[in-house]
Amino acid sequence: MNTTKVADGIFRITAHVDTDILFEGLWPLPHGVTLNSFLVRGKESALIDGVCDWDGVPETLYAQLAQMEVELRDIRYAVLNHLEPDHTGWLSSLRALHRDFEIVTTKKGGELVRAFYGIDVPVRTVKSGDSIDLGGGKRLHFTEIPNVHWPETMATYEESTGALFPCDAFGSFGGDGSIPYDDEMDKKELDFYREETLRYYANIVARFSDSVLRAIEKLGGVDVKIVAPAHGIVWRRDPGRIIDLYRRYAEYAKGTAEPVITVIWGSMYGNTERAVAPLLEGIESAGVEARVFRVPETHESYVLASAWESTGIVLGMPTYEYHMFPPMAAVIEDLGRKGVVNREAFRFGSYGWSGGAQKELDDILHRLKMKWNFMDPMEFRGAPTEKDLAVLRERGRDLALRVKKRCGLAE
Ligand code: FEO
């Protein structure tokens, strides 16, 4: 991993989190994720955002500082935009090696420094509008952006370069740090990162979409020339692209997203499975894209990303012990907790002696205030008949037409 120059006097230091780690202990990283820190060098130096203390990671940071001939004693400020340990886990290690620095964070951030690390380092608390002059033409400004991703979060802005350091906001999964800037990527790489940005947003940030919109509004008066988040790509050529993408993702929290239907299904003996193909034929006959996920085979990280971007959702599962097929219930709970609300929806599936799925589904939808607008469900006893399959085709088409209408697409 190499240190790279972001702009005059600003350097990006990256740790790569490997693919065998689950992010937050939950989310798979088949393409890894980067932890970005940034060194701003004026007369004094500030390190903005840190890294976790997973195997060998703080050492990676120190090695990169050494590459730049920066000694730890040169660091005057550790700017903590957000206290989650993926950005601050190295603090105790730093403190063991270096005494004379100051932590810069919000008031709430200061509380978490004590709670997580209990280290005897001076903490300078800052609020929106405060700034620190590093000398040498470098000045850092701070803006509180609470709940993107935790309540203590702030963004830091360096005025001479127009670089914004928003920590988790505008971040993405993916990448080993070898393609750290948007201006070094071709379309294929940007498309790949778009997928990983959506998954990151849906998994990590979605619950806080109102806060994302408030943060974008708060930062609206700032002349942002570079967006340098703590995960993933640094945006220099087109910083507006990632800000617009986040605004768009945050708006999906209201319910209308893309004209896409996410079909989530599970099956025990193949009866529910037989109903999937005609349903898809119906959806596709109306010219709407369907994305299909089988549970429990697919990790909810991917289901969640697709559902977040979809205006329509289909649930296909058998009854299991008078309830829903358990992995389906778990996925719906996840969707509800992350704020996938107000979608157009349809449910189908096989049962044997009794139903029971509807009651459990209603309980979850009500408890998590999901407000999905369901069409009449289609349940069949045992295997679906030809007549059942014809109804499923029809329902698929009807749902697709509802989604198109909701998205403002003419039939
Ligand atoms: Fe990247 Fe909320 O930590």
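Residues numbered from 1 in each chain as written. Predicted model: local features only at pLDDT ≥ 70, side-chain atom pairs only at ≥ 80, totals over all residues. Heavy atoms only, no water.

A.B. asks: Teacher, can you tell me more about unusual backbone geometry here?
C.D. replies: If a residue is not glycine, its phi is most likely negative; likewise, a peptide bond is most likely trans. Residue P296 follows V295 across a cis peptide bond; omega there is 10°. If you trace the backbone, P296 turns up in the loop between β14 (289-294) and α10 (300-309). One non-glycine residue, N147, adopts positive backbone phi at about 70°. With respect to the element layout, N147 can be found in the loop between β9 (138-144) and β10 (154-158). For F170, which is not glycine, the phi torsion reads 70° and is therefore positive. (Helix = DSSP H or I, 4+ residues; strand = E, 2+ residues; numbered from the N terminus.)

A.B. asks: Quick question: what am I supposed to make of a nonpolar patch on the surface here?
C.D. replies: The grouping of M268, Y269 and Y320 at the surface amounts to a nonpolar patch, some 360 Å² of accessible area in total. Overall, the relative accessible area of 31% leaves Y320 in the partly exposed class. (Patch = residues over 30% accessible without salt bridge, like charges linked within 9 Å, V, L, I, M, F, W, Y side chains within 5 Å. Areas by Shrake-Rupley, 256 points an atom, 1.4 Å probe, with all protein chains shown as cover. Salt bridge = Lys/Arg side-chain N within 4 Å of Asp/Glu carboxyl O. Buried < 20%, exposed > 50% of the residue type's maximum accessible area, 1.4 Å probe, protein only.)

A.B. asks: Is there a simple way to explain helix α4 (residues 107-116) in this structure?
C.D. replies: Residue pairs spaced three or four apart in an α-helix point in one direction, given the helix's 3.6 residues per turn. Listed as buried for α4 are G109, G110 and V113. In an axial view of α4, the angular spread of the buried residues amounts to 105°, which keeps them on one side of the axis. Facing away from the buried side of α4 by more than 90 degrees, the exposed set consists of K107, R114 and A115. Buried residues in α4 make contact with β6 (102-105) and β7 (123-125). A positive phi of about 55° marks G118, the residue just after α4. (Arc of directions from axis to C-beta. Contact = heavy atoms within 4.5 Å.)

A.B. asks: Looking at this model, I keep getting lost on helix α9 (residues 276-285). Mind explaining?
C.D. replies: Turning to α9, its buried residues are V276, P278, L279, L280, G282 and I283. At its buried positions, α9 is contacted by β13 (258-265), α8 (271-274), β14, β15 (310-316), β18 (344-351) and α13 (386-406). In the stretch just after α9, G287 is the one whose phi turns positive, near 75°.

A.B. asks: Just to check I follow, could you spell out the packing of aromatic side chains for this structure?
C.D. replies: Here a ring pair, both rings aromatic, is described through the centre-centre distance and the interplanar angle of the planes. Summed over the entire model, instances satisfying the criterion amount to 13 aromatic pairs. Taking the centre distance of 5.8 Å and the plane angle of 35° together, the rings of F116 and Y117 count as tilted. Note on Y117: relative accessible area 16%, which makes it buried. Grouping aromatic residues by their ring pairs yields a cluster made of F170, Y201, Y246, Y249, Y252 and W308. Across the ring face of Y181, the terminal group of R236 is positioned such that the distance to the ring centre comes to 3.7 Å. (Phe/Tyr/Trp six-rings, centres within 6.5 Å; stacked < 30°, edge-to-face > 60°. Lys NZ or Arg CZ within 6 Å of the ring centre and 35° of its normal.)

A.B. asks: Where do I start with the pattern of salt bridges in this structure?
C.D. replies: Two side chains bearing opposite charge may form a pair once their charged atoms approach each other closely. Scanning the model with the defined rule gives 27 salt bridges in all. Taking the shortest distance from any N to any O, the salt bridge between R73 and E71 comes out at 3.2 Å. With a relative accessible area of 62%, R73 lands in the exposed category. The class of E71 is partly exposed, set by a relative accessible area of 41%. Salt-bridge contacts for D191 lead to K187; the nearest nitrogen and oxygen are separated by 2.6 Å. Note that D191 and K187 are positioned in helix α5 (residues 187-205) at a spacing of 4 residues, about one turn of the helix. Overall, K187 belongs to the exposed group, its relative accessible area being 61%.

A.B. asks: In this structure, what is going on with the pairing of β18? I would like to understand it.
C.D. replies: Side-chain direction in a regular strand flips from residue to residue, so the side chains alternate between the two faces of the sheet. β18 sits mainly inside the fold: 7 of its 8 residues count as buried. Pairing of β15 with β18 involves 5 bridges; the strand directions are parallel. Note on β18: the bridge partner recorded for V314 is F346. Pairing geometry for β18 and strand β19 (residues 373-374), over 2 bridges, is parallel. Bridged to A345 within β19 is F374. Of the pairings in the sheet, the one linking β18 to strand β20 (residues 378-381) comprises 4 bridges and is parallel in character. Of the residues in β20, the one forming a bridge with Y351 is R381. (Pairing = 2+ DSSP bridges.)

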